[in-house]
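Structure assessment
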Amino acid sequence: QVQLVESGGGLVQAGGSLRLSCAASGSIFRVNTMGWYRQAPGKQRELVATITRGGTTNYADSVKGRFTISRDNAKNTAYLQMNSLKPEDTAVYYCNADLMNYKFMSEFYWGQGTQVTVSS
């Protein structure tokens, strides 16, 4: 069974930092692009950052210069380092990954989400 498991969310004061992790497990041949999305109450889910297997990154304008996405291919894990957090960063953060199985078929998976709350 393939799954993405996130960890690292929590409550932090404005200006603080948090690090999220997302680990892919199961029958996986290769993990391609991984990404983080977030959904605040009453809003649509939005892209935060993505990273290709080769390390090319893409960020939403709202987090550029504050958030850093990285990955460890040997561990099938992606990270999101969040610095200078603002109350508007409060949301449920979801991991997303393009996972290829041993039949060389790719499929996108979502994690269960982790809550990030930034107090003012």
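How each quantity is defined
Residues numbered from 1 in each chain as written. Predicted model: local features only at pLDDT ≥ 70, side-chain atom pairs only at ≥ 80, totals over all residues. Heavy atoms only, no water. Buried < 20%, exposed > 50% of the residue type's maximum accessible area, 1.4 Å probe, protein only. Helix = DSSP H or I, 4+ residues; strand = E, 2+ residues; numbered from the N terminus. Pairing = 2+ DSSP bridges. Disulfide = S-S within 2.5 Å. Axes fitted to C-alpha atoms, helices over the stretch in contact; angles between N-to-C directions.

1. Describing the pairing of strand β8 (residues 77-82)
- Among the six residues that make up β8, five are buried, leaving the element largely enclosed by the rest of the structure.
- Where strand β7 (residues 67-72) lies against β8, six bridges are found, and the strand directions are antiparallel. If you follow F67 over to β8, its bridge partner there is M82.

2. Notes on the state of the cysteines
- Tallied over the full model, the rule gives one disulfide.
- In this model C22 forms its disulfide with C95; the gap between the sulfur atoms is 1.9 Å. On the sign convention where negative means left-handed, the S-S torsion of about -75 degrees between C22 and C95 marks this disulfide as left-handed. Here the residue C22 occupies a position in strand β3 (residues 18-25), and C95 occupies one in strand β9 (residues 91-100), the gap between them amounting to 73 residues.
- Here C22 falls in the buried class, since its relative accessible area comes to 0%.

3. Points about the sheet that holds β7
- Taken in spatial order, the four strands line up as β1-β3-β8-β7 in an open sheet, and their pairing is antiparallel. Each having just a single partner strand, β1 (3-7) and β7 make up the two edges of the open sheet. The average angle at which neighbouring strand axes cross in this sheet is 15 degrees, direction not considered.
- Relative to β8, β3 is paired through six bridges, and the arrangement is antiparallel. Its bridge partner being in β8, S21 is matched across the sheet by Y79.

4. Quick notes on the pairing of β9
- Taken across its 10 residues, β9 has nine buried, putting it largely inside the fold.
- Relative to β9, strand β4 (residues 30-39) is paired through eight bridges, and the arrangement is antiparallel. Looking at the pairing, R38 lines up with Y93 of β9.
- The pairing of β9 with strand β11 (residues 114-119) spans three bridges and is antiparallel. Residue pairing across strands places V92 opposite Q115, the latter belonging to β11.
- Where β9 lies against strand β10 (residues 106-110), five bridges are found, and the strand directions are antiparallel. Within β10, the position partnered with L99 by the bridge is E107.
- Between β9 and β10, which pair antiparallel one after the other, the connecting turn spans five residues, and F104 there sits at a positive phi close to 60 degrees.

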